[in-house]
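Residue strings, one per chain:
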Amino acid sequence: MPLIQFVDLQWHGDNRGSLVALESHKNIPFSIERVYYLFNTKEGVSRGFHAHRELKQLLIPVSGKCRIRLDNGTESEDVWLDNPQQGLLLDAMLWREMHDFSEDCVLLVLANTHYDESDYIRDYQAFQNECRS
Ligand code: T46
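Treat the numbers as computed from the prediction; the structure is a model and nothing was measured.

Thresholds, definitions, all that
- Residues numbered from 1 in each chain as written.
- Predicted model: local features only at pLDDT ≥ 70, side-chain atom pairs only at ≥ 80, totals over all residues.
- Heavy atoms only, no water.
- Phe/Tyr/Trp six-rings, centres within 6.5 Å; stacked < 30°, edge-to-face > 60°.
- Buried < 20%, exposed > 50% of the residue type's maximum accessible area, 1.4 Å probe, protein only.
- Helix = DSSP H or I, 4+ residues; strand = E, 2+ residues; numbered from the N terminus.
- Lys NZ or Arg CZ within 6 Å of the ring centre and 35° of its normal.
- Core = buried A, V, L, I, M, F, W, Y, C linked by side-chain atoms within 4.5 Å.
- Contact = heavy atoms within 4.5 Å.
- Near = heavy atom within 4 Å.
- Polar contact = N/O pair within 3.5 Å; in protein donor to acceptor, adjacent residues only side chain to side chain.
- Nonpolar A, V, L, I, M, F, W, Y, C, P; charged D, E, K, R; others polar.

In this structure the tally under the stated criterion is five aromatic pairs. Ring centres of Tyr37 and Phe39 lie 5.5 Å apart, and the angle between their planes is 40 degrees; this geometry places the pair in the tilted category. One exposure class covers both Tyr37 and Phe39, and it is exposed. With 5.9 Å between their ring centres and 45 degrees between their planes, Tyr124 and Phe127 make a pair best called tilted. With Tyr124 and Phe127 both in helix 1 (residues 124-132), this residue pair falls three residues apart, about one helical turn. The class of Tyr124 is partly exposed, set by a relative accessible area of 30%. Through pairs of rings, three or more aromatic residues link up here, namely Trp95, Tyr124 and Phe127. Residue placement shows Lys65 over the ring face of Trp80; its charged tip is 5.0 Å from the ring centre.

Shown next as C-alpha cells:
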C-alpha cells in the first residue's frame, strides 16, 4: 500500500466561492465519529510524533499548509498539504509528524473513532517493534 494516499474531494464552486461536502462512505472512506481541527500552531512548532494502532483519519488543510512525514516502520515520505480539495488518508500503524505549519494553517481531521489515548503509540522504538510483530 502506498504511504501517501490522497482522497479527492469534489468541490461545488460558483461565482460566490467554493463548497466541499464530506459524507461518510461517500467521499470519506469510513464512518466519521469525530472531527477536530488544529489551528494557531506557533512558528517552528512540530506536532504528532506518534502512530495509532486502529484509528483511520483524513487530514484536510482547509486553510494554509503544513508538511506531513509518514513512516510505516520501514520507509518514510514527506508530503505538503496545501489543497483544501484533497485529503490525506492516514491508515492505522503509520507514524506521523506534522511540521512547517503556515501561520494561517487550519488542519481539519476526520476520525473513525472517538478519542482513545490507549490507541496511541508515542514511542518510535515501540512503534517499530509493533510493526515487526
Ligand atoms: C493525530 C494528529 C494528526 C483530545 O482530548 N481529544 C482529541 O480528539 C484529540 C485529537 C486530542 N485531545 C487532547 C489530547 C492532548 O491533551 O488534545 C491534546 C493534544 O493532542 P495531541 O498532542 O495528541 O495532538 P497532536 O497534534 O500531536 O496529534 C493530533 C491527534 O492526537 C492525532 O491522533 O493523528 O493530530
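That shown, we press on.
Counting residues in hydrophobic clusters, the biggest one holds 17 residues, and the most contacted among them are Leu59, Ile68, Leu70, Leu88 and Leu107. Where this core is concerned, the elements lending two or more residues are strand 7 (66-71), strand 8 (76-81), strand 9 (86-90) and strand 11 (106-111). By residue number, the principal contributor to this core is strand 7, which donates three residues. Apart from the residues within four sequence positions on either side, Leu88 is in contact with Ile4, Gln5, Phe6, Gln57, Leu58, Leu59, Ile68, Leu70, Val79 and Leu81. Leu9, Leu58, Ile60 and Leu110 belong to the second-largest nonpolar core, a separate cluster that totals nine residues.

Looking now at the site of the ligand. The environment of the ligand is made up of 13 residues, and the closest members are Arg34, Arg47, His52, Gln57 and Tyr120. Between the ligand and Arg47 there is a distance of 2.7 Å, counted from an oxygen atom to a side-chain nitrogen or oxygen. Side-chain polar atom of Tyr120 to an oxygen atom of the ligand: 2.5 Å apart, as the coordinates give it. Of all the secondary structure elements, the ones that give two or more residues to the shell around the ligand are strand 4 (34-38), strand 5 (47-52) and strand 10 (95-99). No other element matches strand 5, which puts four residues into the shell around the ligand. Its residues assigned to classes, the shell around the ligand comprises five nonpolar, four polar and four charged.

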